[in-house]
Amino acid sequence: MSALESWNVLPHGPVVELAENLRCVEGPVPGMALKRRMTLIKRESGGLVIHGPMLIGDAELKQIEAWAEPELLVVPNGFHRLDIARFKRRYPNAKVVCPAGAKRKVEQKAPVDLTYAEVPEDAALSFEHLAGVKEREGVLRVRSRDGLTLVFNDALFNVPHQGGMHGLILRWIGSSGGPRVTLIARTFLVDDKPSLRACLEKLSQEQPVRLIPGHGDLIDAAAPEVLREVAGRL
């Protein structure tokens, strides 16, 4: 039985090219009125990094495989483990990567080969643990011809307000309304707000051209200013 045959692939968007070495796909979080994002990065070495693995259609997977061979499967925190076992089954030679503080949870689904600090740096991509979250989450730096992209996960949301009951719930729990560290993240992820604030402010000084949150809209305008605003509200 293939990985796709063992799981129901939910409707999702197309593979979107953001830069020559950067693509992404957006799809639903099962059982929630919230979308998640899988980010695809081609390393300078030519291998493919899949951040936030999410089951997508076979045609899209073949499109990705034709672009680059999957080399690293990145589980960005202990809550984003849903599809990692199936991805590992499809790509047995790819290494599973996660933040050090999430390793115990991730290994309940698939063996972990490398933590963020152990991934060899590549000219196009580097991994870093975020400060203030006990190494439970991190950020990826992607260097493309158009500049630096920072890839986040639950530490940065950018979900607009939505209608209906689900939208009301997202608003009530502080998870919608633009770029932010959500109330849930501040409660269950962040343990040292001043350290995370300083970390985000330092990242803003690197003048990123693009921010990619795990949930919500891409931020490709005034990215440094947005990061400073998010840090200032912590």
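Scroll up to find the structure.
The present account deals with the structure reproduced in this document. Per chain, residue numbering runs from 1 following the sequence as it is written. Whole-chain, interface and lining totals are the exception, using all residues; otherwise, since this is a predicted model, local features are given only for residues with pLDDT of at least 70 and side-chain atom pairs are given and counted only at 80 or more. Computation of side-chain values covers all heavy atoms of the structure but excludes hydrogens and water.

Side note on the layout of surface pockets
Inference 1: Here the largest pocket is characterised by a volume of approximately 640 Å³.
Inference 2: Numbering goes from the N terminus for both helices and strands, where a helix is a DSSP run of H or I of at least four residues and a strand is a run of E of at least two. Elements with a minimum of two residues in the lining of the largest pocket: helix H3 (103-106) and helix H5 (183-188).
Inference 3: Top element by residues in the lining of the largest pocket is H5. It accounts for three residues.
Inference 4: Gly falls in the polar group here, along with every residue not listed as nonpolar (Ala, Val, Leu, Ile, Met, Phe, Trp, Tyr, Cys, Pro) or charged (Asp, Glu, Lys, Arg). Looking at side-chain class alone, the lining of the largest pocket contains 14 nonpolar, seven polar and seven charged residues. Only protein atoms enter the 1 Å grid used here, on which a cavity is any set of points holding a 1.4 Å probe that cannot leave and a pocket is any open set flanked by protein within 12 Å on both sides along at least five of seven lines; residues with an atom within 4 Å of a point are listed as lining. Grid points are joined across faces, edges and corners, and a volume is the space filled by probe spheres set on the points.

Quick word on the side chain of Arg 210
Inference 1: Assignment of secondary structure puts Arg 210 in strand E13 (residues 210-212).
Inference 2: Here the term buried applies to any residue with accessible area under 20% of the maximum for its type, exposed to any over 50%, and partly exposed to those in between, with areas from a 1.4 Å probe on protein chains only. For Arg 210, a relative accessible area of 8% translates into the label buried.
Inference 3: Polar contacts, as used here, are pairs of N or O atoms within 3.5 Å; protein pairs need one atom able to donate a hydrogen and one able to accept it. Residues neighboring in sequence count only if both atoms are side-chain atoms. A polar contact of 2.7 Å, which involves the side chain of Arg 210, links it to the side chain of Asp 146.
Inference 4: Not counting residues up to four positions away in its chain, the partners in contact with Arg 210 are Leu 18, Ala 19, Leu 22, Asp 146, Leu 148, Thr 149, Leu 150, Ile 219, Asp 220 and Ala 223. Here, residues are in contact when the closest pair of their heavy atoms is within 4.5 Å.

Points about the environment of Glu 71
Inference 1: Note on placement: Glu 71 falls in strand E5 (residues 70-74).
Inference 2: C-alpha of Glu 71 to C-alpha of Gly 47: the two residues are 24 residues apart in sequence and 5.3 Å apart in space.
Inference 3: What Glu 71 contacts, discounting residues up to four positions off in sequence, is Arg 43, Ser 45, Gly 47, Leu 48, Ala 94 and Lys 95.
Inference 4: Reaching out from Glu 71, the side chain makes a polar contact with the side chain of Arg 43 at a distance of 2.6 Å.

Topic: the pattern of salt bridges
Inference 1: We define a salt bridge as a contact between a side-chain nitrogen of Lys or Arg and a carboxyl oxygen of Asp or Glu at a distance within 4 Å. Using the criterion set out here, one finds 11 salt bridges in the structure.
Inference 2: Across the pair Lys 62 and Asp 58 runs a salt bridge, and its minimum N-O distance is 3.3 Å. Of this pair, Lys 62 and Asp 58 both sit in helix H1 (residues 58-67), four residues apart, which is roughly one turn of the helix.
Inference 3: According to the relative accessible area criterion, Asp 58 is partly exposed, its value standing at 31%.

Focus on the packing of aromatic side chains
Inference 1: The pairing test for Phe, Tyr and Trp rings, Trp by its six-membered ring, is centres within 6.5 Å, and the orientation test on the planes gives stacked under 30 degrees, edge-to-face over 60, and tilted for anything in between. Evaluation of the coordinates by the stated rule reveals two aromatic pairs.
Inference 2: Arranged with centres 6.0 Å apart and planes meeting at 50 degrees, the rings of Phe 87 and Tyr 91 form a pair that is tilted. Both residues of the pair, Phe 87 and Tyr 91, belong to the buried class.
Inference 3: Arranged with centres 5.1 Å apart and planes meeting at 70 degrees, the rings of Tyr 116 and Phe 127 form a pair that is edge-to-face. Of this pair, Tyr 116 sits in the loop between strand E7 (114-115) and strand E8 (125-129) while Phe 127 is found in strand E8, placing the two residues 11 residues apart along the sequence.
Inference 4: For Tyr 116, a relative accessible area of 2% gives the class buried.
Inference 5: Here Phe 127 falls in the buried class, since its relative accessible area comes to 13%.
Inference 6: A ring is scored as having a charge over it whenever the NZ atom of a lysine or the CZ atom of an arginine sits within 6 Å of its centre and within 35 degrees of its normal. In this arrangement the basic side chain of Arg 23 is found over the ring face of Trp 67, its NZ or CZ atom lying 4.0 Å from the centre.

So, the sheet that holds strand E2 (residues 22-28)
Inference 1: Paired strands, as defined in this entry, are two strands with at least two bridges between them according to DSSP. The sheet built from seven strands is open, its strands ordered E1-E2-E3-E4-E5-E6-E7 with mixed pairing. A single partner strand is all that each edge strand has here, and the edge strands are strand E1 (16-19) and E7.
Inference 2: Here strand E4 (residues 48-51) pairs with E5 via four bridges, running parallel. The residue bridging Ile 50 from the neighbouring strand is Leu 73, located in E5.
Inference 3: Axis definition: a line fitted to C-alpha atoms, over the contacting stretch in the case of helices. Angles run 0 to 180 degrees between N-to-C directions. Set on the sheet, H1 makes contact with E2, strand E3 (35-42) and E4; between it and E3 the angle comes to about 25 degrees.

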